[in-house]
Amino acid sequence: MAGLTEQDIRSRAYLLWEMAGQPAGQMDTFWYKAKKELIAERKEQGDVPSYLPNLAAG
């Protein structure tokens, strides 16, 4: 994904987890939310390949 790395997702997921009060057992939830947010941000910047348009939706 155009510049989106696993480390980008990990960092955002950690930030979201901290902001939520560090709840246990929700790693996947924060990972997918982070990925969705980052894709949406990159889509706004025109930096998402055309075959990924709906990943940031919904």
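The rules behind each value
- Each chain carries its own residue numbering, running from 1 in the direction its sequence is written.
- Owing to the predicted nature of the model, reporting of local features is limited to residues with pLDDT of at least 70; listing and counting of side-chain atom pairs is limited to 80 or more, with chain, interface and lining totals taken over all residues.
- The side-chain values count all of the structure's non-hydrogen atoms but skip hydrogen atoms and water molecules.
- Each pair of aromatic rings taken from Phe, Tyr and Trp, with Trp reduced to its six-membered ring, is defined by centres within 6.5 Å and is described as stacked if the planes are under 30 degrees apart, edge-to-face if over 60, and tilted in the remaining cases.
- Helix and strand labels come from DSSP, where a helix needs a run of H or I of at least four residues and a strand needs a run of E of at least two; each type is numbered from the N terminus.
- For every residue, the accessible area obtained with a 1.4 Å probe (protein chains only) is divided by the maximum for its type, and the residue is called buried under 20%, exposed over 50%, and partly exposed between those limits.
- A 3.5 Å cut-off defines polar contacts: any pair of N or O atoms within that distance qualifies, except that in protein one atom must be a possible hydrogen donor and the other a possible acceptor, and neighbouring residues in sequence count only when both atoms are side-chain atoms.
- Two residues form a contact once any of their heavy atoms are found within 4.5 Å.

Across all of its chains, the model carries one aromatic pair by this definition. An angle of 40 degrees between the planes, with centres 5.4 Å apart, marks the rings of Tyr 14 and Trp 17 as tilted. Here Trp 17 and Tyr 14 lie together in helix α1 (residues 6-19), a separation of three residues that amounts to about one turn. Overall, Trp 17 belongs to the partly exposed group, its relative accessible area being 26%.

A few words now on the side chain of Arg 12. With respect to the helices and strands, Arg 12 occurs in helix α1. We classify Arg 12 as buried; its relative accessible area is 17%. A polar contact is formed between the side chain of Arg 12 and the side chain of Glu 37, at a distance of 2.8 Å. For Arg 12, the contacting residues outside a window of four places in its chain are Ala 34, Glu 37, Leu 38 and Glu 41.

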